[in-house]
Amino acid sequence: MSKYMDVHHGMKGITADQLQEAHRRDLAIEAEEGVHFERAWADPNSGTVYCLSEAPSADAVKRVHAQAGHPVTEVHPVPLTIE
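Everything quoted here is computed from the prediction, not taken from an experiment.

## Let's talk about the overall build of the protein
Turning to step 1, where the next piece is worked out: From N to C terminus, the protein includes two helices and four strands.
Turning to step 2, where the next piece is worked out: Element order for the protein, N to C, with α for helix and β for strand: β-α-β-β-α-β.
Turning to step 3, where the next piece is worked out: Taken over the C-alpha trace, the protein has a radius of gyration of 12 Å; the compact-globule value for 83 residues is 12 Å, and the two agree within 12%.
Turning to step 4, where the next piece is worked out: Looking at the protein as a whole, 34% of its 83 residues are labelled buried.
Turning to step 5, where the next piece is worked out: By sequence separation, contacts in the protein at least 24 residues apart represent 65% of the contacts at least 6 residues apart.
Turning to step 6, where the next piece is worked out: In the form shown here, the protein has an accessible surface area of approximately 5100 Å², with 53% of it arising from carbon and sulfur atoms.

## Brief notes about empty space enclosed by the protein
Turning to step 1, where the next piece is worked out: Going through the model one piece at a time under the given rule, you end up with one cavity of 30 Å³ or more.
Turning to step 2, where the next piece is worked out: The space that makes up the largest cavity amounts to roughly 60 Å³.
Turning to step 3, where the next piece is worked out: Of all the elements in the fold, those that place two or more residues in the lining of the largest cavity are helix H1 (16-29) and strand E3 (48-55).
Turning to step 4, where the next piece is worked out: The element that contributes the greatest number of residues to the lining of the largest cavity is H1, accounting for four residues.
Turning to step 5, where the next piece is worked out: Its residues assigned to classes, the lining of the largest cavity comprises seven nonpolar, four polar and one charged.

## Focus on H1
For an α-helix the count is 3.6 residues per turn, leaving residues at separations of three or four pointing the same way.
Turning to step 1, where the next piece is worked out: In this model, H1 (14 residues) spans 21 Å end to end at C-alpha, consistent with the 20 Å of a helix rising 1.5 Å per residue.
Turning to step 2, where the next piece is worked out: Buried within H1 we find Leu19, Ala22, His23, Asp26 and Ile29. Viewed along the axis of H1, the buried residues span an arc of 140°, placing them on a single side of the element. Away from its buried face by more than 90 degrees, H1 exposes Ala16, Asp17 and Ala28.
Turning to step 3, where the next piece is worked out: Tucked inside the fold, the buried residues of H1 contact strand E2 (36-43), E3 and helix H2 (58-68).

## Here we look at the pattern of salt bridges
Turning to step 1, where the next piece is worked out: For the coordinates displayed, the defined rule picks out four salt bridges.
Turning to step 2, where the next piece is worked out: One salt bridge in this structure joins Glu38 and Lys3, with 2.6 Å as the shortest N-O distance. Linking Glu38 in strand E2 with Lys3 in strand E1 (residues 2-8), this pair joins segments that are 35 residues apart in sequence.
Turning to step 3, where the next piece is worked out: The exposure class assigned to Glu38 is partly exposed, which follows from its relative accessible area of 31%.

Quick notes on the rules
Residues numbered from 1 in each chain as written. Predicted model: local features only at pLDDT ≥ 70, side-chain atom pairs only at ≥ 80, totals over all residues. Heavy atoms only, no water. Helix = DSSP H or I, 4+ residues; strand = E, 2+ residues; numbered from the N terminus. Rg over C-alpha atoms; globule rule 2.2 N^0.38 Å. Buried < 20%, exposed > 50% of the residue type's maximum accessible area, 1.4 Å probe, protein only. Contact = heavy atoms within 4.5 Å. Areas by Shrake-Rupley, 256 points an atom, 1.4 Å probe, with all protein chains shown as cover. 1 Å grid on protein atoms, 1.4 Å probe; cavity = no way out; pocket = protein on both sides within 12 Å on 5 of 7 lines; lining within 4 Å. Points joined across faces, edges and corners; volume = space filled by probe spheres on them. Nonpolar A, V, L, I, M, F, W, Y, C, P; charged D, E, K, R; others polar. Expected span 1.5 Å × (residues − 1). Arc of directions from axis to C-beta. Salt bridge = Lys/Arg side-chain N within 4 Å of Asp/Glu carboxyl O.

Without other data, these values stay purely geometric and don't point to any function.
Here it is, written out as structure tokens:
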């Protein structure tokens, strides 16, 4: 499994409750594609949302987001992580 960061645009004004609900929708169906969404961040002013996941492929990430109702086209592999 690899890590991915996906980026949603056009979500200007998103609230914490809306971000949480979108994340819940992803979590409810993620197992169907073997994806695990770990965390999400948002900038309500720009309308940008970032999601970190572990998945078998970028396409699997895209399918879960599309099925959850918030499709994404920008998915980046994250092959290097430090803590």
